[in-house]
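Remarks on the overall topology
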Amino acid sequence: MPATIICIGMAGSGKTTFMQRLNSHLHENNKPPYVINLDPAVYKIPFNCNIDIRDSINYKKVMENYNLGPNGAIVTSLNLFSTKIDKVLSIVKNRSENFNNCIIDTPGQIECFIWSASGSIITESFATEFPTILAYIIDTPRCSNPTTFMSNMLYACSILYKTKLPMIIVFNKNDLRNENFAKNWMKDFESFQDSLRDNSELNDETSNGSGYMASLINSMSLMLEEFYSTLDIVGVSSYNGNGFDEFMEIVDKKVDEYNEFYQKERERIINEKKEREKIKKDNQLNNLMKDLGIKDKKKSEDNNDNNVEVISDIEEEIENDEKNGYEHGLIDLESSEREYTFPEDRNGELRDNENSNDVAKSIRDRYQQAFESNAKTASSSVAEDIAKYINGQ
Ligand SMILES: Nc1nc2c(ncn2[C@@H]2O[C@H](COP(=O)(O)OP(=O)(O)OP(=O)(O)O)[C@@H](O)[C@H]2O)c(=O)[nH]1
């Protein structure tokens with residue numbers, strides 16, 4: 001299956017330029033990708049698209065018709081587009097034999113895509129069909145400020161845990177500033193703390209944060225250590241094409257990771273969700289049946305099989321008996337009298353011949369025993385008479 005690469009990043013980080021360079025890099029290597037643009041507000045894109053959100057949604061009309069501002073219109077355009085995601089996926093699937101990678105550009109306002117329902121639907125849909133990787137694009141020169149770096153990392157962290165998809169951190173624009181300083185900060189938090197201490201903006205007397213900001217960022221750097229370990233980092237320049245071979249190598253590695261770990265984890269989460277929904281539905285159905293006064297047939301059958309009576313069952317029986325106009329205690333007495341005391345029915349007839357002969361024989365035996373034991377002590381003719389009578393003589 002072709003790998004899908006979704007490019008995300010803060011406004012102006014260079015997503016569109018990165019897409020353009022990646023597209024031409026893959027073409028150069030005779031592996032032309034399938035290209036999708038999901039930014040409805042972009043005026044012009046510098047690469048050819050296979051699917052473009054602007055073909056089906058007119059961003060300006062959305063603003064006018066729904067009386068929305070620029071960001072609201074982006075979210076609404078994505079919402080409208082996500083209603084047709086099944087068609088988009090079937091088109092991509094039909095073409096999937098012709099390409100190794102599907103690359104997707106997203107709107108500049110990262111929150112419009114990542115934190116919107118439609119963004120989740122689109123990402124989830126691709127992730128269920130194809131191995132999907134997030135490329136988080138960072139503007140390297142701007143990141144040399146520890147505060148901006150930390151904001152970017154926190155954003156990347158929250159996206160990773162929200163989407164549960166493999167992520168590559170792409171330090172873009174490394175023709176302007178090499179990414180090694182950021183790599184060091186991520187490997188060794190002490191070097192980050194040193195940079196924090198040296199940062200005059202955060203620590204001088206006139207700083208608005210008066211040291212609070214620095215200590216907050218300091219604690220966050222410790223917290224994010226574990227998160228850094230799950231990431232792959234690469235420095236690129238969309239301007240001169242530097243680092244794109246390494247980027248594609250990391251993509252291959254991440255696809256393996258996706259197939260080995262993320263896909264299983266995703267399936268587990270989806271199955272758990274389905275199971276929870278099933279239990280919820282069953283409970284709702286049971287409650288509905290109770291409300292309608294219909295006894296759960298399966299439950300009562302199970303109870304009969306196991307012979308387990310629970311208080312609710314007894315209460316239910318009493319309730320039913322009372323409804324039929326009987327007193328619970330009376331019915332019990334009657335049934336025990338019929339079952340165990342006499343072999344005859346109420347009208348005096350024996351139930352069947354075999355049973356009646358057995359019972360009569362056992363009564364005779366008991367009288368015989370009683371007679372013999374009494375005869376030893378009492379030799380009266382009355383006892384003898386009784387014995388004769390019993391023996392039918
Ligand atoms: N020097 C240099 N400039 C770059 C690089 N990548 C992008 N730029 C510049 O950064 C600016 C923003 O790039 P875009 O590709 O429009 O960024 P974007 O993230 O798509 O922007 P939005 O989608 O509008 O948020 C442009 O002026 C680009 O020329 C790079 O690798 N090196």
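Every value quoted in this text rests on a predicted model; they were computed, and no experiment measured them. (Residues numbered from 1 in each chain as written. Predicted model: local features only at pLDDT ≥ 70, side-chain atom pairs only at ≥ 80, totals over all residues. Heavy atoms only, no water.)

**Let's talk about the site of the ligand**
Around the ligand, 15 residues are found, and the nearest of them are Lys15, Thr16, Thr17, Asp175 and Ser238. Lys15 places a polar side-chain atom, nitrogen or oxygen, 2.9 Å from an oxygen atom of the ligand. Protein burial of the ligand: of its 640 Å² of free accessible surface, 67% is covered by the chains. Per-element accounting of the shell around the ligand gives the leading share, 3 residues, to helix α1 (residues 15–28). In the shell around the ligand, the residues fall into 3 nonpolar, 9 polar and 3 charged. (Near = heavy atom within 4 Å. Polar contact = N/O pair within 3.5 Å; in protein donor to acceptor, adjacent residues only side chain to side chain. Areas by Shrake-Rupley, 256 points an atom, 1.4 Å probe, with all protein chains shown as cover. Helix = DSSP H or I, 4+ residues; strand = E, 2+ residues; numbered from the N terminus. Nonpolar A, V, L, I, M, F, W, Y, C, P; charged D, E, K, R; others polar.)

**Looking at the sheet that holds strand β4 (residues 101–105)**
Spatially, the 7 strands line up as an open sheet ordered β3-β2-β4-β1-β5-β6-β7, and their pairing is parallel. In this open sheet, the two strands that pair with only one neighbour each are β3 (51–52) and β7 (232–235). As defined by bridge partners, strand β1 (residues 3–9) adjoins β4 across 5 bridges and the pair is classed as parallel. Within β4, the residue paired with Ile5 across the bridge is Ile103. (Pairing = 2+ DSSP bridges.)

**Describing the packing of aromatic side chains**
Evaluated as defined, the whole model comprises 10 aromatic pairs. Judged by centre distance (5.2 Å) and plane angle (90 degrees), the ring pair of Phe18 and Phe247 falls under edge-to-face. On the criterion of sequence distance, the pair formed by Phe18 in helix α1 and Phe247 in helix α15 (residues 244–292) is long-range, its members being 229 residues apart. The same class applies to Phe18 as to Phe247, namely buried. With 5.1 Å between their ring centres and 85 degrees between their planes, Phe181 and Trp185 make a pair best called edge-to-face. (Phe/Tyr/Trp six-rings, centres within 6.5 Å; stacked < 30°, edge-to-face > 60°. Buried < 20%, exposed > 50% of the residue type's maximum accessible area, 1.4 Å probe, protein only.)

**Thoughts on the side chain of Thr4**
Mapping Thr4 onto the fold places it in strand β1. Among all residues touching Thr4, those that are not within four sequence positions of it are Cys102, Ile104, Phe126, Phe130, Pro131, Thr132 and Ile133. (Contact = heavy atoms within 4.5 Å.)

**Side note on the UniProt feature "coiled-coil region" (unreviewed entry) in the chain**
Per the UniProt record, "coiled-coil region" (unreviewed entry) is found at residues 262–291. Segment residues 262–291 splits into 100% helix and 0% strand. End C-alpha atoms: 43 Å apart. (UniProt positions renumbered as here; feature names shortened; annotations may be inferred.)

**A closer look at the nonpolar core**
Grouped together as the largest cluster of nonpolar side chains are 58 residues, with contacts concentrated most on Phe126, Phe149 and Met153. Of the residues forming this core, the biggest block, 7 residues, is contributed by helix α9 (residues 146–163). For Phe149, the residues in contact, after removing those within four places along its chain, are Cys143, Phe171, Ala182, Trp185, Met186, Phe192 and Tyr228. In terms of nonpolar packing, the next biggest core, distinct from the first, is built from 25 residues, Cys7, Val35, Phe47 and Phe247 among them. (Core = buried A, V, L, I, M, F, W, Y, C linked by side-chain atoms within 4.5 Å.)

**Topic: the pattern of salt bridges**
As a working rule, side chains carrying opposite charge can pair if their charged atoms are close by. Inspection of every chain in the model, using the stated rule, returns 10 salt bridges. The shortest N-O distance in the salt bridge between Lys183 and Glu179 comes to 3.6 Å. The closest approach of N and O atoms between Asp282 and Lys278, which form a salt bridge, is 3.4 Å. With Asp282 and Lys278 both in helix α15 and 4 residues apart, this pair spans about one turn of that helix. Using a relative accessible area of 48% as the deciding quantity, one classes Lys278 as partly exposed. One salt-bridge network, held together by shared partners, links Asp232, Lys253, Lys254 and Glu257. (Salt bridge = Lys/Arg side-chain N within 4 Å of Asp/Glu carboxyl O.)

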